[in-house]
Amino acid sequence: GGADWVTLAQAGDRAAGRLIEDLGRLVGVAVAQLASLCNPAVVALGGPITVVGDLLLEPVRAELHRRAMPAAVRAVKIVAARNEPRSEVYGALTLALSTLT
């Protein structure tokens, strides 16, 4: 499963590391499209795979800056969410409240 790839990548397995980097690039494509439309200040990625940290986040950041409109991503921060229960709900509420102000 996914946890196995994470464990292998953390142990330095090159194939597992490449798989996670490829995943990061694919996520970066989606984040770039989102950022071009919404201009967020922060994009928090969640899930068990984020424990690999920059192995995933750096390719996301690189793809974001390569594909999105420069003005939309100049100050965007890509971070790993804290993976707390209901973190998706907190994020959705924060987004909804930010549109009211």
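What follows is about the nonpolar core. By size, the foremost hydrophobic cluster in this structure holds 13 residues, and its most contacted members are Val-31, Val-43, Leu-45, Leu-64, Val-73, Val-76 and Ile-78. Looking at this core, the elements with two or more residues in it are α2 (14–38), β1 (42–45), α3 (54–67) and α4 (70–73). Once residues lying within four places of it in the same chain are set aside, the contact partners of Val-76 are Pro-40, Ala-41, Val-43 and Leu-64. Counting six residues, the second largest nonpolar core, distinct from the first, contains Ala-16, Ile-20, Val-52 and Leu-56.

Let us now look at the confidence of the model for the chain. Note that predicted coordinates carrying low pLDDT should not be read in detail. Mean pLDDT over the chain: 86, with 91% of residues reaching 70 or higher. Per-element confidence in the chain is highest for α3, whose mean pLDDT is 95, and lowest for helix α5 (residues 87–100), whose mean pLDDT is 76.

Cut-offs used in this document
Residues numbered from 1 in each chain as written. Predicted model: local features only at pLDDT ≥ 70, side-chain atom pairs only at ≥ 80, totals over all residues. Heavy atoms only, no water. Core = buried A, V, L, I, M, F, W, Y, C linked by side-chain atoms within 4.5 Å. Buried < 20%, exposed > 50% of the residue type's maximum accessible area, 1.4 Å probe, protein only. Helix = DSSP H or I, 4+ residues; strand = E, 2+ residues; numbered from the N terminus. Contact = heavy atoms within 4.5 Å. pLDDT = per-residue confidence, 0-100.

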